[in-house]
Amino acid sequence: MTGVSYLAIAPEILLLVGAVSVLMVDVFAQPKPRVHGWLAGATFLAVAVAIGAQWHRIGIDGVGTSFGGTLFLHNLSVTARSILLVIAVLGVATAWDMLVGLGRRMAEGLSLVMVSTAGFMLMGASADLIMVFVALEIGSISLYVLAGIVRNSPTGDEAAMKYFLLGAFASAIFVYGAALTYAGTGLTNLVEAGAAMSSYHVARPAVLLIGMSLLVVGIAFKVTAAPFHAWAPDVYQGAPAGVVGFMAAAAKVGGFAALINILIIGFDRYRGAWADGLALIAAISVVLGTLLAIQQSDARRLLAYSGVAHAGFILTGLTAGLVGTASVLFYLATYSVMLVGAFAAVAVVSGPASSGSSLDEYRGLGRRSPLVAGVLAILMIAMSGMPLTTGFIGKFQVFTSAWDGGFRWLVIVGLLSSVAAFFFYLRLVVLMYFRPPDQSQGHPSTSLRMRLVLLLSAAVTVVFGVFPAPLLGWLDQAGG
Amino acid sequence: MVDYLWIVIALPLGMAVFNHFFGSRIGEPRAAGPAILAVLGAFGYAAVASLDFFASEHASEEAVTVVHLFDWIPGLGAGAELLWDPLSATMTLVVTGVGALIHIYAVGYMHGDPRFSRFFTYLNLFIASMLILVLANNFALLFVGWELVGLCSYLLISFWYTKPSAASAGKKAFVVNRIGDFGFMVALMVVFTSFGTLSYTQVLHEPGEIIGASTATAIGLLLLVGAVGKSAQIPLYVWLPDAMEGPTPVSALIHAATMVTAGVYMVARTGAIYGLSDIAGGVVATVGAVTALFAATIAIGQRDIKRVLAYSTISQLGYMFMAVGIAGYVAGLFHLVTHAVFKALLFLGAGSVIHAMDGEQDMNKMGGLRAKMPITHLTMVVATLSIAGIPPLAGFWSKDEILAVLFAKGGYFIALWAVGLVTALLTAFYMARQYFLVFSGAPRWKDGVQPHESPRIMTGPLVVLGVLTVLVGFVNTPFRLGFEHFLAPAFEGVYLAHAPDDGFLLVALAVVSVAAGVVGIAIAYLLYNRAPEETRRRLLGRVSRPFTAWEHGYRVDELYGRLIVRPGLRMAVWNAEAVDNRTIDRLVVGIGRAVWWMGRRLRPLQSGFVRSYGALLAVGTVIVVAWIVVRGL
Amino acid sequence: MTGFSTLSALILVPAVAAVVVMLIPERRRELVRPLGVILSLLPLPLAVLLFMRFERGEAGFQFVERVVWIEQLGVTWHLGVDGISLLLVVLTTVLVPVALGASMHIDRRVRLFVAMNLLLEAGLIGVFLSLDLFLFFVFFEVILIPMAFIIGIWGSENRIYAAIKFFLYTAFGSALMLAGIIALALLHRDQTGDMSFSYLAMLDLDLTTGVQRWLFGAFALAFAIKVPIFPLHTWLPDAHVEAPTAGSVLLAGVLLKLGTYGLLRFNLPLFPEATLEFVPLMAALAVVGVIYGAVVAIVQPDLKKLVAYSSVSHLGFIVLGTFALTSQSLEGGVVQMINHGLTTGALFLLVGIIYERRHTKLIADFGGLASSTPIFAGMFLFIAFASIGLPGLNGFVGEFLILMGSYPTLPVYTVVAALGVILAAVYLLWAYERVFTGPITNPANRQVSDLTMGEVLLFVPLVALIVLLGVYPKVALDVIGPSTDAVLSRIESTTDYVSPVAGFDMFNSGDGE
Amino acid sequence: MVELVVFILMGAVSVGGAVAVVRARNPVYGAMGLMATLFALAVFYVVHLAHFVAAVQVIVYAGAVITLFLFVIMFVGVDRAEQMTEKLSVQRPVALVVLVAVVILAGVLVVTDRFDWVLTSGGDPPVVNGTVEEIGANLILDDRAAEPSASRWLLPFEATSLLLVVAAVGAISLAFYRPRRREDRNDASASGSDSSGRPS
Amino acid sequence: MVTAEWYMTLAAVLFVIGAGGLLLRSNALVMFMSVELMLNAVNLTFIAAARAHGDIGGQMAVLFVLVVAAAEVAVGLAIIVSVFRTRQTASVDDLSELTG
């Protein structure tokens, strides 16, 4: 409880070390990009080992907290770390061409990705609202910078500015929520606050409810739930293609992990209230995301809005509370992989550092680049929730959870929106396969690395879509 | 013997299949060989099989045999079961006998047709179908035959499909028949609901124990709808005149001798049910009477040699309906048999004429053929007299019996008797008119037409049929009711109406009807043979109104077109356009559009201005806070 | 799970075949088509084997296989076949090779085409064999993708609109069914303690009428769209008109049966009380569909559209039979599913063949074709009569059973539906008249070549089955009967419904005895 | 009593400063207003015995942050009165609606007596003196108790190291600017693909 | 007696004013200052709550908020400068190319 467990923060420490070494090596040796690659690879490998050790520890000692109760070492946090590690590896691979293109600033870019990963890992493991806040800022600030890291990009700076200003606003709202929670209970630690809330009778819990709402809003912003999503399309469109997948996925994983911790451990007493609140946000997200995605003519904006809808689906699962966490984690894990894979495809089609990716660029892609088109089609089909993909299992589970939790109307809304969503997912497939390419459109080149990323994401999506049992079994334990 | 009754059906059916695949390879005359042999074989088999009926005089149980072949639709009590009793035997003999003659005739008539073998395929198929119809031991199998003969009728009417009128007539025949089938099917629904099976064995055995009068009436009337379609009675007769587009042997076989009598057969077969309902029978008889008169009048106005015969057939079928309607099954069936013979003869004779006139069918372009085609002429005279009811020809005996039975029934049916009598007069008139227009007078042939007697293969059947026309009437004269005895086992337990026992009355009635026939012939003779051209025209001009109406068949086709076909088509178009495209589909597409539109309306939310995003965020925050506080407190 | 699992093989063989086809290298592309046809023939012997070894007179499921698939969700790979599904599986295995064989003219992206057809086959067979609702839904939904691809890539001008419409419309239906499946699984968990999607387990659930009503609605909507039942049918003409021949054949031949199959398999046994409540509505819609489809078919200028609307009409009969709830009508409904698959599949095949030759499907562009293509015309007429319901051919048996069986419970509906029998003759024969008979007015029709030997070969199995089922339907009825009777007796045992025992006098019920 | 005076006085200053941030046409005045607010808050911190925090507030915030702001204001060249006309027509109404909604929500909660800022009850809380010593002990390791234990603030404290790394790296990578060199390959490619990659 | 609640209410007012500034001003710097204002309102809440609970935690929390604010300032100002370099403007209303 009070001890300092270095294992519990080993992944973050390793990532920090990795990031700093990249910077240092860069300063002192100015090496080739490959060296940074090796460094990053070694770091991720070490992180993987650390995460494995954490699993092992949990298996032996069970879950616990350390650092004076501010850090969880529980299944959820380690699961989130695992997912984030995968995202980071795939993200770096996807962003590699973009990073190399940064030249001297490559080290900064790479280390930002690593630190951001560490931040979101920490976010999911934090047991204290202040800790959540700090971790959230670590992750987010890195992302603000990454959004605008490509210079002279016509839209990168706009994306960074928008992301930053709104992110700062949302952070302020989040921390005000923490402050109100503290005002009400005198505690910022989730476990203690949760215990305090349920131990004594509170006649007028309004301050807690408001605080809780603000916390929810703050995180809803990070995970692009509507109506706090407005930044996402612009940022996903404007930011360099290579890194968008990572940006989108990492923030979602960290955000949802933190949200689960906050609501289920901290605010369990007010489950009814937050479930209602999440249901409202979920419904708005699903509907708004779908309706607006239909309108898009840019693949990245389309993915952004679909991400809004997916955030809504994940929230749908979360309305069920603890029983929904496994479904949420499954959804998160699989959707993150899809997201990174999809943006990798976007990066291939419109260039790693580009901004924007008009749908016209996808015409006849099935002819021009069967691999990219095939993977993207699989990912779109998965995102739309067709069976035999992880997308279906994910949706099925969140809907089951929500139905079980009594939010039947939400399930119906979600299902109907899924149908409408077929339209825009199919639209990409239609463009790629049903329409011939223009004369001018060439064959996009894919590096081996990109091909691996694409194949891996598709493979994960299909394999776990057909045989989800192992992943589910693993994640079921993470619900604790 | 009877156990292998399926051979009767299998022979023509097998030959049909054989000819379908190999007929065109075998070549023209030879392809007909197996077809004819098949029908003759069937006839022979049936004849031998029916000998038993004569042997076992009155043991009705033995006279009725059911042959179970295999289960067909067990759920409906509908096996592939054949019923062999005097009734079906009669029908089988008529079908195969007349059929065989017409097959032979067709060899000559269809000579040179590129689809010669196909024609025999269809004919054989028809024979098989008709045999299924008459031999069926349940309503389902009856319906099989019922529909298959309809199919053959369709195929044969539109045999010369490149002629649009032929193709259209075939379709018309099938569709109109389908309307009748609708009623038939509904009748079967009621039967099945009431009896739980469609098997004759259960349904027709003492049906009164299961159903009451009203159900019997319902079944009877619905069956009548079917019969009306198949047997071309009012109001569904319209297909039969058009069916004359088919080759003449077809008209003779299907549209005169056999298929169109299926309705009569069916009513007779289900006599047990009609026996339970006076209303149903009365309606049947009335429909028959009205049709008989109605069609006879139309026949007067026809110019086409075959259309005269077509309307005549309708009219004669009306007679049969009158008979079976009042349970005069024997009379009805007797007329069925005689009519099959003499009407086939008439058609074949007409075919022979048409053949001679190079396909000309307009009687106004004929005349004076007596000398050119002696055999045809002679047989036609016999047939015409027969249908006109001149003794001792077949038509006299059967028609007279019908009228006698009607008269004996009394009451309302006296009126029907009167109708029958008038019809008899009209029949004699228009048949004589036809005879005079075709065979006597001056030739009015088109240029280049060289009439000649038809080949042997065609005249042969004419002669056989002519002889039969003379003889067949004697199977059931008031002096010796042979046919009635023969049929008796089939109507075991069924009420049968009889001619009056009073010998004087019988003779009187016969005299009256013969007189009607003679008068009719006399008028025709005066008008079409004696009177000069101008006189006739003047006389006809006096009655131009009704005559035009008759000529155009009372414009019933136009009426149907205006009342049913065109409004129906208009409604269909309206459904397809206004309902389907512009309402239902638009609604569906509209939902998609609405979703799109909503998205479009929402797009301004994403204005691109970070401050408005901030505002959205603030608004959202307030809403979420308010919502959670409200739900939480 | 000992020995050879035929049912799994039936699903997996085409699925694996699809992958195999995709792996054929580009330079051996000429192998794709023949190999595709051969591969698509592989499931056929399996299906025939199944048919031979199927225990007649047995109502329950046979060849049942059950393997845990997703343990956490209680999902099992649970397959089984009974009289209702057996013939549909056989039908599928027959039609897919035929459809592929009819697609020899496809020259773009042949590999993908063949693979999509094989995937479709796997999915279709899977739907019929699934005894797990989750599994069922998976297959039910998955088939949308190959079908949408088939329409969208190889269709005619307006194909993308049609593909998307088809996809969205049917997906809309299944979305609510998914909610129903989730609800059922959760109800099962609440009542027994563990999560299960097993169809057989669902039968033991205790559902209140209110719950049944909702679930019935959710399931029925999905199936009604698939059938399609009026007024949810407007996707069908578009899909058919745009789809390539193979697509149309499989769409009409098998895909539509998913709807009627689902109604019979799920709605009736699972929600018997709701079924009884919904009978008037479903029957009314079915009858309206019968008449409406036929009426609209009469005036269609496009042959494919005509056949498409005729499907609406024919499937109305099946729905009517299904909801008439008598032994004969249910049996007839299943028979009619097979029949419609054969005849309409064949009709689409024919239309496709003529479209290939003339590049038009408009009736007005034809005329007098019987002179230039007698075999084709004969085949068309034969199939048309099968479709009209000519006795002796298959269409009659089903239609007749439905009509006879439906009358005792739904007299008025049935009589109205019987009018469709007339209309069927009108639209098909009129179309035949306009396309094939009369003189050749358009010179383009003079040069049309007749059916080739290979094409005739495609029809051989269809024609054989059409005749077999018409003349000796007992092969099918023996299989179907026990299973449909089981459905009926389930409804009777769970509700106070008594299916009419044949043999009552409905017009004067008093004075009969 | 004294506290009341201080509260009113400094409260007025802080609100006034805040309003100045929002309302001042010249950002420099806004910065000054922010500074005033920060100072007023620092006074409150002192009142609450949060001496260390107050000191940090003055030094870091008022000293460093505001200076940085002013520097950037000057650098960017917006140190003059700007147009206050609203380009976005709905912005002000929306803001007003939000404000009204917040006021109503607060009003309803207060009037219906559903709102307490502090929920724990039970006597006067102990007085906490936020001295440097106290803060330091809490921040790292509390060794004053019998059993020294890691503070609950240790981890956040460590985590700030990550935060500062991010801030430093981020600021550098954004501000790092050598336009003459052709090193940033992406820049070229980005502008190259510009025409095709425009948002619609 | 001035209770902690008074301060918290004052903080709430400041928070709302800050949010208002964010919505109403188009100058990125002013918006950013408004965010700082909001963070300070949060700080005041923490401090006041710390006194009300007799707990040092609130003061500790403030320190971390301060650090985060500082980090944000560093990056935020860098972004503003970066935007200014390319576009010569500090008004966020000029950044509206990404839309829809």
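Calculation criteria
- Residues numbered from 1 in each chain as written.
- Chains lettered and ligands numbered in written order.
- Predicted model: local features only at pLDDT ≥ 70, side-chain atom pairs only at ≥ 80, totals over all residues.
- Heavy atoms only, no water.
- Helix = DSSP H or I, 4+ residues; strand = E, 2+ residues; numbered from the N terminus.
- Rg over C-alpha atoms; globule rule 2.2 N^0.38 Å.
- Buried < 20%, exposed > 50% of the residue type's maximum accessible area, 1.4 Å probe, protein only.
- Areas by Shrake-Rupley, 256 points an atom, 1.4 Å probe, with all protein chains shown as cover.
- Lys, Arg positive; Asp, Glu negative; His and termini not counted.
- Charge placed at Lys NZ, Arg CZ, Asp CG, Glu CD.
- Salt bridge = Lys/Arg side-chain N within 4 Å of Asp/Glu carboxyl O.
- Expected span 1.5 Å × (residues − 1).
- Contact = heavy atoms within 4.5 Å.
- Buried area = accessible area lost by both parts, 1.4 Å probe.
- Polar contact = N/O pair within 3.5 Å; in protein donor to acceptor, adjacent residues only side chain to side chain.
- Nonpolar A, V, L, I, M, F, W, Y, C, P; charged D, E, K, R; others polar.
- Patch = residues over 30% accessible without salt bridge, like charges linked within 9 Å, V, L, I, M, F, W, Y side chains within 5 Å.
- Axes fitted to C-alpha atoms, helices over the stretch in contact; angles between N-to-C directions.
- Parallel < 35°, antiparallel > 145°, perpendicular 65-115°, else oblique.
- Left-handed = near helix turned anticlockwise from the far one by under 90°.

Our focus in this paragraph is the overall build of chain C. Tallying secondary structure elements over chain C gives 21 helices and 2 strands in all. Here the C-alpha radius of gyration of chain C, 22 Å, is about what a compact globule of 513 residues would show, namely 24 Å. For chain C, the C-alpha atoms occupy an extent of roughly 70 × 65 × 40 Å along the three principal directions. In chain C, which comprises 513 residues, the proportion classed as buried is 70%. When the accessible surface of chain C is totalled, it reaches about 14700 Å², and 65% of it is carbon and sulfur. A gap of 14 Å separates the mean positions of the 26 positive and 35 negative side-chain charges of chain C.

On to the overall build of chain A. A count of helices and strands for chain A gives 19 helices and 2 strands. For a compact globule of 480 residues, the expected C-alpha radius of gyration is about 23 Å, and chain A comes in at 21 Å, within 12% of that figure. Viewed in the frame of its principal axes, chain A has a C-alpha envelope of about 70 × 55 × 40 Å. Burial status across chain A gives 76% buried among its 480 residues. Accessible surface, chain A as shown: approximately 10800 Å² in total, 67% of it carbon and sulfur. Positive and negative side-chain charges in chain A, numbering 24 and 19 respectively, have mean positions lying 6 Å apart.

Taken as a whole and assessed by the stated rule, the structure comprises 38 salt bridges over all chains. As a salt-bridge pair, Lys162(A) and Asp234(A) come within 2.8 Å of each other at their nearest N and O atoms. With a gap of 72 residues between them, Lys162(A) in helix H6 (residues 156-185) and Asp234(A) in helix H9 (residues 231-238) connect regions that are remote in the sequence. Across the pair, Asp234(A) and Lys162(A) agree in class, each one buried. Notably, a salt bridge pairs Lys165(C) with Asp585(B), separated by 2.5 Å at the nearest N-O pair. Taken as a pair, Lys165(C) in helix H8 (residues 159-192) and Asp585(B) in helix H25 (residues 556-602) lie in two separate chains rather than in one. In this structure Lys165(C) comes out as buried when scored by relative accessible area, which is 9%. Linked through salt bridges whose partners overlap, the residues forming this network are Glu158(A), Lys162(A), Asp234(A) and Arg301(A).

What follows is about unusual backbone geometry. Glycine aside, residues mostly have negative phi angles, and peptide bonds mostly take the trans form. All names here are of chain A. That bond from Ala226 to Pro227 is cis: its omega, 0°, falls within 30 degrees of zero. Inspection of the secondary structure puts Pro227 in the loop between helix H8 (206-222) and H9. The phi angle at Thr224 is positive, at roughly 55°, despite the residue not being glycine. Mapped onto the elements of the fold, Thr224 is located in the loop between H8 and H9.

The next point concerns helix H16 (residues 390-404) of chain A. Residue and element names in this part refer to chain A. Over its 15 residues, H16 runs 21 Å from end to end, which matches the ideal 21 Å to within 8%, given 1.5 Å per residue. Judged by how many residues are buried, H16 sits mostly within the fold: 14 of 15 residues are covered. A positive phi of about 95° marks Gly406, the residue just after H16.

This part is about the interface of chain D and chain A. Taken together, the 46 residues of chain D in the interface contact 63 residues of chain A. Overall, the association of chain D and chain A removes approximately 4500 Å² of surface from exposure, summing both partners, and the carbon and sulfur fraction of that is 65%. Considering only the side of chain D, the residues that lose the most area to chain A are Leu119(D), Arg152(D) and Leu155(D), jointly responsible for 15% of the buried surface there. At the boundary of chain D with chain A, the tally comes to 3 salt bridges. The salt bridge partner of Arg204(A) is Asp113(D), with a shortest N-O separation of 3.4 Å. The tally of links between chain D and chain A comes to 5 residue pairs in polar contact (both at pLDDT 80 or more). Sorting the residues of the side of chain D that touches chain A by element identifies strand S2 (149-150), helix H6 (154-175) and helix H7 (185-192) of chain D as the ones contributing at least two each. Sort the elements by how many residues they give to the side of chain D that touches chain A and H6(D) lands first, with 16 residues. In the side of chain D that touches chain A, the residues fall into 23 nonpolar, 12 polar and 11 charged.

This part covers the interface of chain E and chain D. The interface of chain E with chain D comprises 66 residues on the first partner and 75 residues on the second. At the surface where chain E touches chain D, the tally comes to 2 salt bridges. Here Arg51(E) ties to Glu3(D) by a salt bridge, and the two come within 3.0 Å at their closest N and O atoms. Here chain E is connected to chain D by 8 residue pairs in polar contact (both at pLDDT 80 or more).

This brings us to a nonpolar patch on the surface. Residues and elements named next belong to chain B. A contiguous nonpolar patch, built from Ile375, Val463, Val467, Val470, Leu471 and Phe474 and spanning about 460 Å² of accessible area, is present on the exposed surface. For the nonpolar patch, the element with the highest residue contribution is helix H20 (residues 456-471), accounting for 4 residues. Structurally, Leu471 is set in helix H20.

Another aspect to go through is the environment of Ala239(C). Residue and element names in this part refer to chain C. With respect to the secondary-structure elements, Ala239 resides in helix H11 (residues 235-242). With 88 residues separating them along the chain, Ala239 and Ile151 place their C-alpha atoms 7.1 Å apart. Those residues in contact with Ala239 that sit more than four places away from it in its chain are Ile151, Ala162, Phe166 and Leu251.

Glancing now at the packing of helix H4 (residues 86-109) of chain B against helix H11 (residues 248-257) of chain B. Residue and element names in this part refer to chain B. Two elements in contact, H4 and H11, have axes whose closest approach is 8 Å; the angle formed by their N-to-C orientations is 160°. With respect to each other, H4 and H11 are oriented roughly antiparallel. Relative to H11, the crossing made by H4 is right-handed. The segment H4 lies against H11, with Val98, Gly99, Ile102, Tyr105, Ala106 and Tyr109 engaging Thr248, Pro249, Ala252, Leu253 and Ala257.

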